[in-house]
Amino acid sequence: MTNETTATSKSTPAVKAVQVHKAFGDLHVLKGVDMTVEPGSVTVILGPSGSGKSTLLRLINQLETLTGGSIEVDGEMIGYKYVEKKGQRVLQTLNDKEVAAQRAKLGMVFQRFNLFPHMTALENVMEAPVHVRHMGKQEARELAIHELKRVGLGERLDYYPSQLSGGQQQRVAIARALAMKPEIMLFDEPTSALDPELVGEVLNVMLELAREGMTMIVVTHEIGFAREVADQIVFMDGGVVVEQGGPEIIDNPTEPRFKDFLQHVL
Ligand code: ADP
Ligand code: MG
């Protein structure tokens, strides 16, 4: 989905992960991951369960902290900044407010939608703009209606989650993330919990977002979506990037582990 200008210009990467390591105690989950995501592009991360895909997304969104390496979002190192101390440049962890400002650039959609069950679709989408951004109720309402229409739910504003299908609930979750005006959207297996007949409507919304130029990182097993929408494929296994390239690598994998994986999901 990258257009000519973004593909050829040397713009600041939307996300740049360099030698990212993450350990949970003795469990070394990410072992030196490099990944660069260009603005306006779609990166699809593939890989078997347990390969560290969610952990990578969670690190980018600062839901976890790095144990090694660095991540830049929009040219800014996440979690840390350099400060002058006695004439020396030292690395300092960001305070909560600074972390929140960085995280505001990212929207995230999970496998489980986590909507508030006692709130309508509209109220779910209004919640963060009102309570996090301190937006006026009327403005938030208009924004929420706009975002719900964008995901095809203009007719379902006053429905409660229990009155919506899984696909519709996931679309509300996408609208909720979009209402915070993120620069980058992270999707962690957004269709894995859905009945097969509901997968397409969610993928279509994501396809539309990609067409509009949204920068997206998508963890999915939907190979058709990857082939059609991705600018970049990143195949992870065992906490490392085993193969990466354009969508054509799906039909021409080089690494045996990637070939093997594709044989199992295709
Ligand atoms: P994937 O999304 O590719 O399936 P994950 O990133 O969820 O993989 O997990 C990679 C490994 O890290 C798994 O072995 C998982 O059990 C482990 N892991 C993930 N989160 C935690 C955590 N908070 N504490 C301990 N282990 C974790
Ligand atoms: Mg996962």
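Every chain is numbered independently, its residues counted from 1 as its sequence is written. Here chains are named by letter from A upward and ligands by number from 1 upward, in the order in which they appear as written. Restriction of local features to residues with pLDDT of at least 70 applies here, the model being predicted, together with a cutoff of 80 or more for giving and counting side-chain atom pairs; totals for whole chains, interfaces and linings are based on all residues. Heavy atoms throughout the structure, all of them, feed into the side-chain values; hydrogens and water do not.

- The protein goes by ABC-type polar-amino-acid transporter in an unreviewed UniProt entry, where it is assigned to Bifidobacterium merycicum.
- Heading Subcellular location (unreviewed entry) of the UniProt record for the protein holds this comment: "Cell membrane".
- UniProt positions are given in the numbering used here, feature names are shortened, and annotations may be inferred rather than shown by experiment. According to the UniProt record, the Catalytic activity (unreviewed entry) comment for the protein reads "a polar amino acid(out) + ATP + H2O = a polar amino acid(in) + ADP + phosphate + H(+)".

**Concerning the sheet that holds strand β4 (residues 68–73)**
Within a sheet, adjacent strands bond to each other through the backbone by hydrogen bonds, running parallel or antiparallel.
So, point 1. When DSSP finds two or more bridges between a pair of strands, those strands are recorded as paired. Strands here mean DSSP runs of E at least two residues long; helices mean DSSP runs of H or I at least four residues long; both are numbered from the N terminus. Here four strands make up an open sheet; going across it, the order is β2-β1-β4-β5 and the pairing antiparallel. Only two strands of the sheet have a single neighbouring strand rather than two, namely β2 (27–37) and β5 (76–77).
So, point 2. Here β4 pairs with β5 via two bridges, running antiparallel. From the neighbouring strand, E72 faces β5, where its bridge partner is M77.
So, point 3. Only heavy atoms matter for contacts: two residues are in contact if any of them lie within 4.5 Å across the pair. The axes are straight lines fitted to the C-alpha atoms, using for helices just the contacting stretch, and the angles between their N-to-C directions are given from 0 to 180°. Helix-sheet contacts for helix α2 (residues 53–60) involve β1 (15–24), β2 and β4, and the interaxial angle to β2 is about 65°.

**Here we look at the UniProt feature "domain: ABC transporter" (unreviewed entry) in the protein**
So, point 1. Following the UniProt record, one finds the feature "domain: ABC transporter" (unreviewed entry) at residues 15–263.
So, point 2. Between the C-alpha atoms that bound residues 15–263 the distance is 30 Å, and the span itself is 34% helix and 29% strand.

**So, the site of ligand 1**
So, point 1. Around ligand 1, the neighbouring residues are F24, L27, V29, P48, S49, G50, S51, G52, K53, S54 and T55.
So, point 2. One of the side-chain nitrogen or oxygen atoms of T55 is found 2.5 Å away from an oxygen atom of ligand 1.
So, point 3. Here the accessible surface of atoms and residues is derived via Shrake-Rupley with a 1.4 Å probe, and residues count as covered only by protein chains that are part of the display. When isolated, ligand 1 has an accessible area of 560 Å², and the protein chains bury 60% of it.
So, point 4. Elements with a minimum of two residues in the shell around ligand 1: β2 and α2. Whether a residue is near a molecule or strand depends on its heavy atoms: if one lies within 4 Å, it is near. What qualifies as a polar contact is a pair of N or O atoms within 3.5 Å, subject to a donor-acceptor requirement within protein and to the restriction that residues adjacent in sequence count only when both atoms come from side chains.

**Describing the packing of aromatic side chains**
So, point 1. Centres within 6.5 Å are what make two rings of Phe, Tyr or Trp a pair, Trp counting through its six-membered ring; a difference in plane orientation under 30 degrees is then read as stacked, over 60 as edge-to-face, and the rest as tilted. Scanning the entire structure with this criterion turns up two aromatic pairs.
So, point 2. Seen in terms of ring centroids, F235 and F261 are 5.2 Å apart; in terms of plane orientation they differ by 45°. Their pairing is tilted. Of this pair, F235 sits in strand β11 (residues 232–237) while F261 sits in helix α9 (residues 256–265); the two residues are 26 residues apart in sequence, bridging distant segments of the chain. In this pair, the class of F235 matches that of F261, namely buried.
So, point 3. Taken together, F235, F258 and F261 form an aromatic cluster joined through their ring pairs.
So, point 4. As a reminder, the over-ring test applies to NZ of lysine and CZ of arginine, requiring each to be within 6 Å of the ring centre and within 35 degrees of the ring normal. Seen from the ring of Y82, R89 lies directly overhead, with NZ or CZ sitting 4.3 Å from the centre.
So, point 5. Its end group placed over the ring of Y159, R156 keeps NZ or CZ at 4.8 Å from the ring centre. Between buried and exposed lies partly exposed: a residue is buried under 20% and exposed over 50% of the maximum accessible area for its type, with that area taken using a 1.4 Å probe on protein chains only.

**Some points on the sheet that holds strand β8 (residues 106–109)**
So, point 1. Across the sheet, which stays open at both edges, the six strands sit in the order β8-β9-β10-β3-β11-β12 with mixed pairing between neighbours. Either end of the sheet is taken by a strand with one partner, and the two such strands are β8 and β12 (240–245). Adjacent strand axes in the sheet meet at a mean angle of 15°, parallel and antiparallel pairs treated alike.
So, point 2. Pairing between strand β3 (residues 42–46) and strand β10 (residues 215–219): four bridges, direction parallel. Bridge assignment links T43 to a residue of β10, and that residue is I217.
So, point 3. Relative to β10, helix α7 (residues 196–211) is tilted by about 150°, and along the sheet it contacts β3, β9 (184–188) and β10.

**Considering the side chain of K105**
So, point 1. With respect to the helices and strands, the residue K105 is situated in the loop between α3 (96–103) and β8.
So, point 2. The contacts of K105, once residues within four sequence positions are left out, are V73, D74, E76, P182, E183 and I184.

**Digging into the pattern of salt bridges**
So, point 1. Here a salt bridge means any side-chain nitrogen of Lys or Arg lying within 4 Å of a carboxyl oxygen belonging to Asp or Glu. If you walk through the whole model with that rule in mind, you get 10 salt bridges.
So, point 2. Among the ionic pairs, E201 bridges to R171, the shortest N-O distance being 2.9 Å. Pair noted here: E201 is in helix α7 and R171 is in helix α6 (residues 166–178), with a separation of 30 residues, a long-range link.
So, point 3. R171 gets classed as buried once you look at its relative accessible area, which sits at 10%.
So, point 4. The residue R257 makes a salt bridge to D237 at a minimum N-O spacing of 3.4 Å. With a gap of 20 residues between them, R257 in helix α9 and D237 in strand β11 connect regions that are remote in the sequence.
So, point 5. You can call D237 buried: its relative accessible area is 18%.
So, point 6. By sharing partners, the salt bridges in this structure join E147, R150, K181 and E212 into a single network.

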